[in-house]
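The primary structure of each chain is shown beneath.
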Number of protein chains: 4
Amino acid sequence: MAAPPYRYGQRKDDYQARLRRIEGQVRGISRMVEGDTYCIDVLTQIAAAKRALEKVAVGLLDDHLRGCVTDAARDDDPRRADEIIAEATAAIERLVRS
Amino acid sequence: MAAPPYRYGQRKDDYQARLRRIEGQVRGISRMVEGDTYCIDVLTQIAAAKRALEKVAVGLLDDHLRGCVTDAARDDDPRRADEIIAEATAAIERLVRS
Amino acid sequence: MAAPPYRYGQRKDDYQARLRRIEGQVRGISRMVEGDTYCIDVLTQIAAAKRALEKVAVGLLDDHLRGCVTDAARDDDPRRADEIIAEATAAIERLVRS
Amino acid sequence: MAAPPYRYGQRKDDYQARLRRIEGQVRGISRMVEGDTYCIDVLTQIAAAKRALEKVAVGLLDDHLRGCVTDAARDDDPRRADEIIAEATAAIERLVRS
């Protein structure tokens, strides 16, 4: 319940279009395996899907810094900014490591 | 045409089951955005999907080393092993960078 | 000149101690190569040094969000927050990709 | 004792020159922190050092596939290739994840 009501707003359509494309990429990778496509070509597609997921994640993080982190920085309670930033840093770390 | 006929054999079902699961994860991420789920939770799911894709890629690479690279190493023509290994290294590099 | 005067303050010693340790790790890797250490063991040390660099980077990013980004969010000029966040996002993206 | 005698041969000088350069990069990063350089610029240098380490690792892996993995593939004992490839795959996975 720490999070304020959240809205992706006008970027929602863009994220969903990108995620639908990634879903299609993963389905295509499955079909490549089904059809015994040469492994190196399958790996190229996996790297592309992984990269596309990362771009969505970086976009969401950017939104998060502009929305939640900026709001928290303006909050009268400094612990609120502390918490929100610790949470953002942990999310960045998971992304860098995954 | 450099690649020999390729078969994923008994591991095909496993790869396809894993890719189907990843496809479901991506669809779930899209629904989270649709429902305005808190960004940090969406990022956690993206990191998990990315990690699952990486595991499929590492599995395919392992198969590739056991199959194509091993065959090429035993080939009478040393250029064959050279080519196959250069190709595998490039795929590993794309994966490490993506 | 966009950046405000910058101080790592009390965390400076911690960062420098960690960077000195990483420098020692890289020197150790060079000695392993010099001594013809088995490649897989060298790779394990490279992965460890890379991970240690990432941890320093995530720490610096956390400081940056607490310092510069928070300050910019409180600035009267909204373009200031915009710029600072775009810059932070680009740095996160370079880190996720590298 | 599983590993055969190992030699980096003519590439040893190249690896050591690159590692020395990375050591210098890390020392430079430490000096940037010492001099309170703007965090984003420090992060750019960390991403560059991380990338340089990855390139050394990919080079070592390429040598390893050409040397140890190729030798093991030609060995009369198939368990030898099995072991060496499992070990290479684990090293690749650590690298992809780190």
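Because the structure is a prediction, the values reported are computed rather than measured. (Residues numbered from 1 in each chain as written. Chains lettered and ligands numbered in written order. Predicted model: local features only at pLDDT ≥ 70, side-chain atom pairs only at ≥ 80, totals over all residues. Heavy atoms only, no water.)

Looking now at the confidence of the model for chain A. Residue and element names in this part refer to chain A. Averaged over every residue, the pLDDT of chain A is 91; the share at 70 or more is 95%. Considering each helix and strand of chain A separately, the mean pLDDT is smallest for helix 3 (residues 78-97), with a value of 92, and largest for helix 1 (residues 11-34), with 96. Overall fold confidence for the complex sits at a pTM of 0.91, while the interface term, ipTM, reaches 0.91. (pLDDT = per-residue confidence, 0-100. Helix = DSSP H or I, 4+ residues; strand = E, 2+ residues; numbered from the N terminus.)

With that settled, consider the interface of chain A and chain B. Each partner contributes to the interface: chain A provides 43 residues, whereas chain B provides 43 residues. Carbon and sulfur atoms make up 68% of the area that chain A and chain B hide from each other, which totals about 4400 Å². When the buried surface of chain A facing chain B is broken down by residue, Asp36, Tyr38 and Lys50 of chain A rank first, second and third, together holding 15% of it. Linking chain A with chain B are 6 salt bridges. One salt bridge in this structure joins Arg27 of chain B and Glu23 of chain A, with 2.8 Å as the shortest N-O distance. For the pair chain A and chain B, the interface holds 26 residue pairs in polar contact (both at pLDDT 80 or more). Of all the secondary structure elements, the ones that give two or more residues to the side of chain A that touches chain B are helix 1, helix 2 (39-74) and helix 3 of chain A. Taken together, the residues of the side of chain A that touches chain B sort by class into 27 nonpolar, 6 polar and 10 charged. (Contact = heavy atoms within 4.5 Å. Buried area = accessible area lost by both parts, 1.4 Å probe. Salt bridge = Lys/Arg side-chain N within 4 Å of Asp/Glu carboxyl O. Polar contact = N/O pair within 3.5 Å; in protein donor to acceptor, adjacent residues only side chain to side chain. Nonpolar A, V, L, I, M, F, W, Y, C, P; charged D, E, K, R; others polar.)

Let us now look at a positive patch on the surface. Positive charge collects at one region of the surface, where Lys55 of chain A, Arg97 of chain B, Arg97 of chain C together with Lys55 of chain D lie side by side. Secondary-structure assignment places Arg97 of chain B in helix 3 (residues 78-97). (Patch = residues over 30% accessible without salt bridge, like charges linked within 9 Å, V, L, I, M, F, W, Y side chains within 5 Å. Areas by Shrake-Rupley, 256 points an atom, 1.4 Å probe, with all protein chains shown as cover. Lys, Arg positive; Asp, Glu negative; His and termini not counted. Charge placed at Lys NZ, Arg CZ, Asp CG, Glu CD.)

What follows concerns the environment of Ile92 of chain B. Considering the arrangement of structural elements, one finds Ile92 of chain B in helix 3. You can call Ile92 of chain B buried: its relative accessible area is 2%. Sequence-wise, Ile92 of chain B and Ala57 of chain B are 35 residues apart; in three dimensions their C-alpha atoms are separated by 9.3 Å. If sequence neighbours within four positions are ignored, Ile92 of chain B has contacts with Leu61 of chain B together with Leu61, Leu65 and Ile92 of chain D. (Buried < 20%, exposed > 50% of the residue type's maximum accessible area, 1.4 Å probe, protein only.)

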